[in-house]
Every structure is written in C-alpha cells, then in structure tokens.
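A closer look at the structure
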Amino acid sequence: MIEMTNVYKKYPNGITAINGLDVRIDQGDFVYVVGPSGAGKSTFIKMIYREEVPTKGTVKVGDFDLVNLKAKKVPYLRRFVGVVYQDFKLLPRLTVFENVAYAMQVVGKKPKQIQKRVLEVLELVGLKHKVRMFPNELSGGEQQRVAIARAIANMPRVLIADEPTGNLDPETAWGIMDVLEEINNQGTTIIMATHNSDIVNRVRHRVLAVENGRIARDQEEGLYEYEG
Amino acid sequence: MKARTIWRHIKESFKSIKRNGWMSLAAVSAVAVTLLLVGSFIAILLNVNKLASDVEEDVSVRVYIDLAAEEEDQEALQENLEEIEDVELVVYSSRDEELSQVIGSYGDEFGLFDGDDNPLHDVFILNTSAPEATAEVADQAEDLNYVADVNYGGATADRLFEVMETVRNVGAVIIVALIFTAVFLIANTIRITIFSRKTEIEIMKLVGATNWFIRWPFLIEGALIGFIGALIPVSIISYIYLSGFDTMMSYLSGTYFALLPPNPFLIQIVALLLAIGIGIGGFGSALSIRKFLKV
Ligand SMILES: Nc1ncnc2c1ncn2[C@@H]1O[C@H](COP(=O)(O)OP(=O)(O)OP(=O)(O)O)[C@@H](O)[C@H]1O
Ligand SMILES: [Mg+2]
C-alpha cells in the first residue's frame, strides 16, 4: 500500500535527510515513527504526501507513483492521504467549522453532508462548542484537534500525523489517541511521528525507528526506547 | 463543474471581500481612481477630436466662375468638377445668392451693388470626401476652363489640418498609455492583495484543492472588485456628461460644432470602463495566484 524503495532525499542546502530508506506499510497498519530530533522523521512523512520529492528511489502510495506523479494529479493524492501538520496549517480567515468544511468542499460533497460530517468530526475531537471561532482564538492543542478533524473529515485511506500530541496536555493527548485508534479500527492506515514514549509504550503498535535517514528498527508492538 | 460548486465559489468570493475589509476597499479605490482618470480623458479627447472634425468638415473649396462663361460652359465645368477624385458634392451658388449672403453677414450697405453692379462671381462650392484632399482638389479645379479663381482658406486650412492631425495622434497615444497604466495599476493592486494570502493558497493546495477550485473564488472576487470600482467613475462621468451635454449644446447651437451625443458615446465609455474593471480584476487575480499554486 505504501512502499518506499532505496529512497534518498538531499535538500538544496546539502543536508541528506533520508539516506537509503526501505519500508513497506500495509493497509490498516498503525505505525509509530520514532527517532532522535533531526533523524529525518518529518522528511520521511512529507514524502508520503509529496510535500517533498525524493532525490532518488521510488515512493508508491496506493495507486500513486509519487516520483512520476503529474502536478495535476497531486490534489487527488492529497485527498487519499489525510495529513495533520506539525504546524496545523489552518486557514486563518476561516472559522473552525469552515476549515473542516473546506476539505470537504474541495471534494465536491453536498452542503448537507458537509454540515453533518463536520459537526461529527468536531465532536469526535471535542470541539463542537467552538465551531464559530477563528484559529487565532484557539489554544495550540485546540488548533491541533481542528487539524485532526479536517484530516479525517473525508475518511482518507491513510492518515499521517507529525507529532499530533506534541502540544497537548496528557489528558487531551490520550483523547487524540482514542480518536486515532477508532479511525484505525475503521480500516484507515495511521502513520504517526512522535516523541511521546508514554503513548508508544502503552498503546502498542508497529514502531519504525528512524536514525540518520534510515530505518534503524522495525518492530511489531515495539517500545519507544529513547530517552525523554 | 457542478452548480453547487459554482454557487459555493460565488458565496466564497463575497465572503472573502467582506473578511478582507480594508484590503478590498483599497483595491476598489485604486480601480475607481484609475478608471475615473481614463474615462474622463477619453471623454474629453474624443470630443476635442469631434470638434476638430467639425472644423475640417466645414472647409470647402470655392470655385469662382469666369464672368465670360456661358450657361453651357458652366454646365461643362460642373461636369468636370464632379469628375475630380474626392469631390463629393458640387453646389451652385449664383452671384445674386452670393451677394444676398454678403448682405446678410455684413449689412445693407452692400445693397447698392444690387443688380448689374454686382461685382461678385457665380460660384461652385465643392465638398471633398476627406479633409486632407482639399488642397489637391483645389489644385485640379484651378486648371479647368472658365475658372477665374479657387479658394479654400489655403495656408490657414492646411495649418489647421496639421494641428488637428497632431491633436488626434497625441490623443490616441495618451488614451492608449492611460489604459495601459490602468491595467497595470489594477493588476498590481490585486497582486498585492493576493500576495498577503500566499500561505492561504498553499494550505488549500495541501488539503487537496485543485488549481481551479482555488482559482475560481479569486477570479470572481477580482472581477467583483473591478466591477464595484468601475461603478464609481461610471456614475460620476455619466452624471457630468449628461448634465454638461445640454449646457454645451445650447452654447454651440447655430454653429457647425456638436459634442458626441450620449447615445451611443456615453454608453460606449461606460461599457469600456466596466470591461476594463471586470476583465483586469478577474484576469489579474487569476494570473497573480499562479505562482502560489505550485505546491
Ligand atoms: N526544508 C528543509 N530544507 C533543508 N533542510 C531541511 C529541511 N527540512 C529538514 N531539513 C533537515 O533535514 C534533517 C531532517 O529533518 P527532519 O525535519 O526530517 O527531522 P525530524 O526527525 O522530523 O526532527 P524532529 O523530531 O525535531 O521533528 C535535519 O537535519 C534538518 O535540518
Ligand atoms: Mg519533525
């Protein structure tokens, strides 16, 4: 389903963030991507939804061949893969409701359907009472949850989250984990980069440890195994 | 595109204009000021041009017939005159008619020349198809038999034609330059407005919007701003032209001069201003977001 073969990524500034990476993730998997800061986790994740293109190697996501993907087709990949961005990337001029609705309008869903689903996902992340607020009126954790709601609104086959619990207090973080678990149970592949050892160790899933731009460890029901 | 999507784009663009507040206002004002300038200049220059043409049209060639010419000689001359290229109309005016015109213009003292004392010639008055042909027509008429003299205001008229030609060319250049300036200013204002929304466009791309899904609301928004901006100069110019037209025409009554009538002239200016506003607004914003779409 997601397959990377012999992937290298060298940024224009000369830094090689991914250095010969091979991995295969099946539909329905729940994967933690762990590793020290600067190891290449975000870069790895960005190559799945084509924010970055590998310098060498192949990346396949579903039926999409990301290296040869035409620019015109990129929007369709981005609907197939829901992304929770590390910096949220909410539209500043749109309310919470409209931000989530936007992702559904893009796909051409009916207003009625949008109305229903938006409230549904906002309830799931516990923000139903803040639908009319603008992103700058929300706390970091609340923005994070809006970003998650938007990413899952279209029921993507793959959900990617770069440190989705990074800005949250433990209780909200566990709430988010419940949401992700539930989406995963519905068959969505979850790929989540995290530094949260508590979560990784308690909710056991496959662990991909990235170090120096390669997979250093790939373990079913693995442990976090890094300090702090 | 689905009707629902079109409707969504229209709603979205109105919402965006409202939320962008003073940015929209700035863009509308820029469009209004520029188009007011363009519209006023066009209205003034085209009317000056019209007056110039009226003056030129007024220049005709007077062919004085030799006193010795018999009636058949006059008829032959008239035929010859009509054959000259660029001669549109040949009108005969007898010496008696000429005299009564002089008396009409200058007073009864000339009445003593009445009858056989009339010193004037019979005249053929030629109208040319184009003002520029006047001198050439006069030249050819002079060579014909039984022509005593030819007169068309000579050097004065030539000079006038030259001046008019210059006015016309300069006017055309100014109008073209003004339209270019308007296009540039409007497009630039919209570009700045959109530049502030760069990240917004990038985010839209990241959540899976196609380029046209992003482009349409911007295009409609730009066209709306252009339209609203054009309405202001259109109202001002229409009001001034309509109220000024009657006043000016009453001054000009009895002369050969006339301003361009509001129908169709004013309608054409209004259409032009609206077209520039809407066209540049819509097209300009669609173009401005192009480079932000490459994410
Ligand atoms: N846009 C970029 N341009 C140049 N270099 C970059 C860019 N993004 C990341 N890098 C570099 O690539 C390397 C890997 O960065 P990456 O963001 O993938 O790390 P990470 O594992 O996500 O770290 P963290 O846990 O701190 O988020 C780093 O050395 C970083 O400096
Ligand atoms: Mg990172």
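The structure displayed is predicted, hence computed values, not measured ones.

Along the backbone of chain B there are nine helices and four strands. Secondary structure of chain B in N-to-C order comes out as α-α-β-α-β-α-β-α-β-α-α-α-α. Its C-alpha atoms give chain B a radius of gyration of 31 Å, clearly above 19 Å, the size a compact globule of 295 residues would have. Along the first, second and third principal axes, the C-alpha set of chain B runs to 100 × 35 × 35 Å. By residue count, 41% of the 295 residues in chain B fall in the buried class. Here the analysis covers contacts within chain B between residues at least 6 apart in sequence; of these, 82% occur between residues at least 24 apart. In chain B, the 20 positive side-chain charges and the 39 negative ones have mean positions that sit 47 Å from each other.

On to the environment of Asp96 of chain B. Here Asp96 of chain B is to be found in helix H4 (residues 95-106). Through-space distance from the C-alpha of Asp96 of chain B to that of Met164 of chain B is 35 Å; in sequence the pair is 68 residues apart.

Residue and element names in this part refer to chain A. When strand E1 (residues 2-10) meets strand E2 (residues 16-25), the two strands line up antiparallel, connected through seven bridges. By the bridge assignment for E2, Tyr8 is matched with Asn19. Linking E1 to E2, which pair antiparallel, is a turn of five residues; within it Gly14 sits at a positive phi near 100°. Where E1 lies against strand E4 (residues 56-61), five bridges are found, and the strand directions are antiparallel. Bridged to Ile2 within E4 is Val61.

Attention now moves to the site of ligand 1. Residues and elements named next belong to chain A. Around ligand 1 there are 15 residues in total, and Ser37, Lys41, Ser42, Thr43 and His195 lie nearest to it. Between Lys41 and ligand 1, the recorded distance is 2.7 Å, taken from a side-chain N or O atom to an oxygen atom. Within the contact set of ligand 1, an oxygen atom lies 2.6 Å away from a side-chain nitrogen or oxygen of Thr43. For ligand 1, the accessible surface in isolation is 620 Å², of which the surrounding protein chains cover 67%. Ranked by the residues each element gives to the shell around ligand 1, the list is headed by helix H1 (residues 41-46), at three residues. Classifying every residue of the shell around ligand 1 by side-chain character gives five nonpolar, eight polar and two charged.

The share of residues in chain A with pLDDT of 70 or more is 100%, and the mean pLDDT across the chain is 92. Of all the helices and strands in chain A, helix H6 (residues 170-185) of chain A carries the lowest mean pLDDT, 89, while strand E3 (residues 30-34) of chain A carries the highest, 97.

The subject of this paragraph is the layout of surface pockets. One number sums up the size of the largest pocket: a volume of about 420 Å³. Gln105, Pro111 and Ile114 of chain A together with Arg8 and Lys11 of chain B are, among the 18 residues lining the largest pocket, the residues nearest its centre. Within the residue set of the lining of the largest pocket, elements represented by two or more residues are helix H3 (96-107) and helix H4 (111-124) of chain A together with helix H1 (3-19) of chain B. Ranked by residue count, the leading element in the lining of the largest pocket is H1 of chain B, at seven residues. By residue class, the composition of the lining of the largest pocket is seven nonpolar, four polar and seven charged.

The next subject is the interface of chain B and chain A. Counting residues at the interface gives 21 residues for chain B and 24 residues for chain A. Counting each side, the surface lost to burial between chain B and chain A is near 2100 Å², with a carbon and sulfur contribution of 56%. When the area that chain B buries against chain A is broken down by residue, the three leading residues are Arg19, Leu206 and Val207 of chain B, summing to 31%. The tally of links from chain B across to chain A stands at three salt bridges. Arg19 of chain B serves as the salt-bridge partner of Glu98 of chain A, at 3.0 Å between the closest nitrogen and oxygen. Breaking the side of chain B that touches chain A down by element, the ones donating at least two residues are H1, helix H7 (198-206) and helix H8 (211-252) of chain B. The class makeup of the residues in the side of chain B that touches chain A is eight nonpolar, four polar and nine charged.

A word on a nonpolar patch on the surface. Residues and elements named next belong to chain B. Together, Phe227, Ile228, Leu231, Ile232, Ile236, Tyr239, Ile240 and Ile278 make up a nonpolar patch on the protein surface, roughly 700 Å² of accessible area in all. Considering each element in turn, the nonpolar patch owes the most residues, seven residues, to H8. The residue Phe227 is located in helix H8 in this model.

Moving on, we come to H4 of chain A. All names here are of chain A. The terminal C-alpha atoms of H4, which comprises 14 residues, lie 20 Å apart, in line with the 20 Å expected from a rise of 1.5 Å per residue. Taken together, the buried positions of H4 are Ile114, Arg117, Val118, Val121 and Leu122. All buried residues of H4 fall inside an arc of 130° around its axis, so they share one side. Opposite the packed face of H4, turned more than 90 degrees from it, sit the exposed residues Lys112 and Lys116. In the segment just after H4, Gly126 is the residue with positive phi, at about 75°.

This part is about the packing of H3 of chain A against helix H5 (residues 140-153) of chain A. All names here are of chain A. H5 packs onto H3 with a crossing angle of 25° between their chain directions and a minimal axis gap of 8 Å. With respect to their mutual orientation, H3 and H5 come out roughly parallel. The interaxial crossing formed by H3 with H5 has right-handed handedness. Two secondary-structure elements touch here, H3 through Val96, Asn99, Val100, Ala103 and Met104 and H5 through Val146, Ala149, Arg150 and Ala153.

Let us look at the sheet that holds strand E6 (residues 81-84) of chain A. Residues and elements named next belong to chain A. If you trace the six strands from one edge of the open sheet to the other, you get E6-E7-E8-E3-E9-E10, paired in mixed fashion. Of all strands in the sheet, those with a lone pairing partner are E6 and strand E10 (214-219), marking the two edges. Direction aside, neighbouring strands of the sheet carry axes that sit 20° apart on average. In this sheet, strand E8 (residues 189-193) lies alongside E3 in parallel orientation, the contact comprising four bridges.

How each quantity is defined
Residues numbered from 1 in each chain as written. Chains lettered and ligands numbered in written order. Predicted model: local features only at pLDDT ≥ 70, side-chain atom pairs only at ≥ 80, totals over all residues. Heavy atoms only, no water. Helix = DSSP H or I, 4+ residues; strand = E, 2+ residues; numbered from the N terminus. Rg over C-alpha atoms; globule rule 2.2 N^0.38 Å. Buried < 20%, exposed > 50% of the residue type's maximum accessible area, 1.4 Å probe, protein only. Contact = heavy atoms within 4.5 Å. Lys, Arg positive; Asp, Glu negative; His and termini not counted. Charge placed at Lys NZ, Arg CZ, Asp CG, Glu CD. Pairing = 2+ DSSP bridges. Near = heavy atom within 4 Å. Polar contact = N/O pair within 3.5 Å; in protein donor to acceptor, adjacent residues only side chain to side chain. Areas by Shrake-Rupley, 256 points an atom, 1.4 Å probe, with all protein chains shown as cover. Nonpolar A, V, L, I, M, F, W, Y, C, P; charged D, E, K, R; others polar. pLDDT = per-residue confidence, 0-100. 1 Å grid on protein atoms, 1.4 Å probe; cavity = no way out; pocket = protein on both sides within 12 Å on 5 of 7 lines; lining within 4 Å. Points joined across faces, edges and corners; volume = space filled by probe spheres on them. Buried area = accessible area lost by both parts, 1.4 Å probe. Salt bridge = Lys/Arg side-chain N within 4 Å of Asp/Glu carboxyl O. Patch = residues over 30% accessible without salt bridge, like charges linked within 9 Å, V, L, I, M, F, W, Y side chains within 5 Å. Expected span 1.5 Å × (residues − 1). Arc of directions from axis to C-beta. Axes fitted to C-alpha atoms, helices over the stretch in contact; angles between N-to-C directions. Parallel < 35°, antiparallel > 145°, perpendicular 65-115°, else oblique. Left-handed = near helix turned anticlockwise from the far one by under 90°.

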